[in-house]
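Reading the structure
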Amino acid sequence: LDEYKFNERIQFTDQLENISIYRIGTQTHGITVDNNGSIWVVSATGAVFKYSKKRKGWRAEVIVETDETRLAKSMGVVSEDTVWLSFNDGSIDIYQDESEPIRTVTPNISNECENFTQFLKLKNGNILCGCKTGLLAQVKFDDIAKVNPQSFEIISKAAKSPLMKLVESNDQLVWGISINEG
C-alpha cells in the first residue's frame with residue numbers, strides 16, 4: 001500500500017480481487033462514509049478531514065482544525081445527510097453536508113459519558129450514543145435542527161469500559177463491543 005499525505009491526491013494503491021485499497025497518511029481515531037460517498041476521518045490529533053470524490057480523483061477538505069482545547073474524538077452518520085462529531089469537551093457538532101456545523105450541542109449527560117465514542121441511527125429512527133464510560137444513551141428529537149442538551153437520555157450501563165462500536169442486526173437487536181470486554 002502507498003501512503004498519502006493530507007494534501008496529496010488519493011489514488012488507487014492496490015487492487016485485490018476488484019477491491020481498491022486506500023491509505024491515508026495519518027493516525028486516525030475513526031473513519032466513516034456519508035450517504036453522498038464522502039469519507040470522513042477523525043485524526044489522532046483531533047482534526048477532521050472530509051474526502052470527496054471528484055471527476056479527477058479525491059478532494060480533501062479540513063472540516064475541523066486541530067485545537068488543543070477541543071479535540072474531535074468520534075463520529076457517525078445518523079441520517080441521510082447528517083454527520084455527528086463528538087469532542088473531548090463533551091460537545092457534539094452536527095453537520096448536514098456542509099463544512100460548518102448546523103448545530104453544536106453539549107448534552108446534559110456529558111459529565112456521565114465523558115465523551116461520546118459511537119453514534120448509531122436505528123432502523124426505527126432513534127439514535128443511540130456509546131459513551132467512553134460504557135453508558136448507552138438515546139437521543140430523542142423530532143427535527144435534527146432542534147436537538148438540545150435535554151434530548152439525550154442514558155438508557156443503560158452497557159459496559160465497564162468505552163463502547164467502541166454499535167450495530168443493529170436485521171431483527172433490530174443492538175450489538176456493541178467495548179475495550180477489554182468484547
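Quick look at the structure, then.

About the cut-offs
Residues numbered from 1 in each chain as written. Predicted model: local features only at pLDDT ≥ 70, side-chain atom pairs only at ≥ 80, totals over all residues. Heavy atoms only, no water. Salt bridge = Lys/Arg side-chain N within 4 Å of Asp/Glu carboxyl O. Helix = DSSP H or I, 4+ residues; strand = E, 2+ residues; numbered from the N terminus. Buried < 20%, exposed > 50% of the residue type's maximum accessible area, 1.4 Å probe, protein only. 1 Å grid on protein atoms, 1.4 Å probe; cavity = no way out; pocket = protein on both sides within 12 Å on 5 of 7 lines; lining within 4 Å. Points joined across faces, edges and corners; volume = space filled by probe spheres on them. Nonpolar A, V, L, I, M, F, W, Y, C, P; charged D, E, K, R; others polar. Core = buried A, V, L, I, M, F, W, Y, C linked by side-chain atoms within 4.5 Å. Disulfide = S-S within 2.5 Å.

**A short note on the pattern of salt bridges**
One pass over the structure, following the stated rule, counts 6 salt bridges. A salt bridge links Asp93 to Arg70; its shortest N-O distance comes to 2.7 Å. Here Asp93 is found in strand S9 (residues 92–96), whereas its partner Arg70 is found in the loop between strand S6 (57–64) and strand S7 (72–79), with 23 residues between them in sequence. You can call Asp93 buried: its relative accessible area is 4%. Of the residues examined, Arg70 reaches a relative accessible area of 21% and is grouped as partly exposed. Lys132 is the partner of Glu114 in a salt bridge, and the nearest nitrogen-oxygen pair spans 3.7 Å. Of this pair, Glu114 sits in the loop between helix H1 (110–113) and strand S11 (116–121) while Lys132 sits in the loop between strand S12 (127–131) and strand S13 (135–139), and the two are 18 residues apart along the sequence. On the basis of relative accessibility, which here comes to 42%, the residue Glu114 falls in the partly exposed class. Residue classification places Lys132 among the partly exposed residues on the basis of a relative accessible area of 38%.

**So, the layout of surface pockets**
Each pocket or cavity is described by its volume, and for the largest pocket that value is around 450 Å³. Contributing to the lining of the largest pocket are 21 residues, with His29, Lys73, Ser74, Thr117 and Gln118 lying nearest its centre. Broken down by secondary-structure element, the contributors of at least two residues to the lining of the largest pocket are strand S3 (28–33), S7, S11 and strand S15 (163–168). The residue inventory of the lining of the largest pocket, partitioned by class, reads 10 nonpolar, 8 polar and 3 charged.

**A closer look at the nonpolar core**
Residues Trp84, Ile92, Phe116, Val147 and Phe152 are the most contacted members of the largest nonpolar core, which totals 18 residues. Looking at this core, the elements that each hand over two or more residues are S9, S11, S12 and S13. Val42, Ala72, Val83 and Phe87 belong to the second-largest nonpolar core, a separate cluster that totals 11 residues.

**Some thoughts on the state of the cysteines**
With the rule as written, the count across this model stands at 1 disulfide. Between Cys113 and Cys131 runs a disulfide, and the two sulfur atoms are separated by 2.2 Å. A residue pair is termed long-range when its members are at least 10 positions apart, and Cys113 in helix H1 and Cys131 in strand S12 qualify at 18 residues. Cys131 shares its class with Cys113; the two are buried. Of all cysteine sulfurs, the one in Cys131 lies closest to Cys129, which takes part in no disulfide; the gap is 6.7 Å.

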